[in-house]
Amino acid sequence: MKLNSLPTPMHKIAIVTVVMNFNNSEKFIASLVAQTDKDFHLYIADIQGTEDTPRIPFSNVTILKRKNNGYAYGINEGIKQAQKDGIQLYCVLNRSEER
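Residues numbered from 1 in each chain as written. Predicted model: local features only at pLDDT ≥ 70, side-chain atom pairs only at ≥ 80, totals over all residues. Heavy atoms only, no water.

Draft legend 1. The arrangement of the overall build of the chain in detail. When helices and strands are tallied, the chain shows two helices and four strands. Secondary structure of the chain in N-to-C order comes out as β-α-β-β-α-β. Split into buried and exposed, the 99 residues of the chain put 33% on the buried side. Contacts spanning at least 24 positions in sequence make up 60% of the contacts within the chain whose residues lie at least 6 apart. (Helix = DSSP H or I, 4+ residues; strand = E, 2+ residues; numbered from the N terminus. Buried < 20%, exposed > 50% of the residue type's maximum accessible area, 1.4 Å probe, protein only. Contact = heavy atoms within 4.5 Å.)

Right under this line is the structure:
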């Protein structure tokens, strides 16, 4: 099979991150949404899943509500969903703590 015969995914790259508390992640998510190159799909693994999901002003986002089986589990769940969506390039980002 030729590589160029494969279907092209809607987005070139998946950005995968894990949150435990959306309130503490607002600036992090806002900085991703503010990027000028929007050719990515954001996968957020919410591993607490206890709060209501906030409205994120970005159409290329998937929020995955999962059990808290740890950070690596959340990342793996995001990558699995991106693969199902046809995306083959991934970028894993962590939210930096502010001091």
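Anyway, onward from the coordinates.
Draft legend 2. Representation of the nonpolar core in the model. Ile15, Val19, Phe22, Phe28, Ile29, Leu32, Val33, Phe40, Leu42, Ile44, Ile56 and Phe58 form the largest nonpolar core, which has twelve residues in total. Elements with a contribution of two residues or more to this core: strand E1 (13–19), helix H1 (26–33) and strand E2 (40–46). Considering each element in turn, this core owes the most residues, four residues, to H1. (Core = buried A, V, L, I, M, F, W, Y, C linked by side-chain atoms within 4.5 Å.)

Draft legend 3. Expanded view of the pattern of salt bridges. In the structure shown here, the tally under the stated rule is four salt bridges. In this structure, lysine 12 and aspartate 39 form a salt bridge, with 4.0 Å as the shortest nitrogen-oxygen distance. Note that lysine 12 is positioned in the segment before E1 and aspartate 39 in the loop between H1 and E2, a separation of 27 residues in sequence. On the basis of relative accessible area, lysine 12 is assigned to the exposed category, the value being 60%. In this structure, the salt-bridge partner of lysine 80 is glutamate 77, at a minimum N-O distance of 2.9 Å. Here the residue lysine 80 and the residue glutamate 77 both occupy positions in helix H2 (residues 71–84), the gap between them amounting to three residues, near one helical turn. We classify lysine 80 as partly exposed; its relative accessible area is 43%. (Salt bridge = Lys/Arg side-chain N within 4 Å of Asp/Glu carboxyl O.)

Draft legend 4. Region of the structure containing the pairing of E1. For E1, the buried fraction is high: six of the seven residues fall into the buried class. Examined bridge by bridge, E1 and E2 share seven bridges and lie parallel to one another. Bridge pairing in E2 places threonine 17 opposite isoleucine 44. Between the parallel pair E1 and E2, the chain is carried across by H1, and the sense of this crossover is right-handed. As judged from the three bridges shared by E1 and strand E4 (residues 90–92), these two strands associate in the parallel manner. Note that in E4 the partner of isoleucine 15 across the bridge is cysteine 91. (Pairing = 2+ DSSP bridges. Right-handed = clockwise from strand over helix to strand, strands pointing away.)

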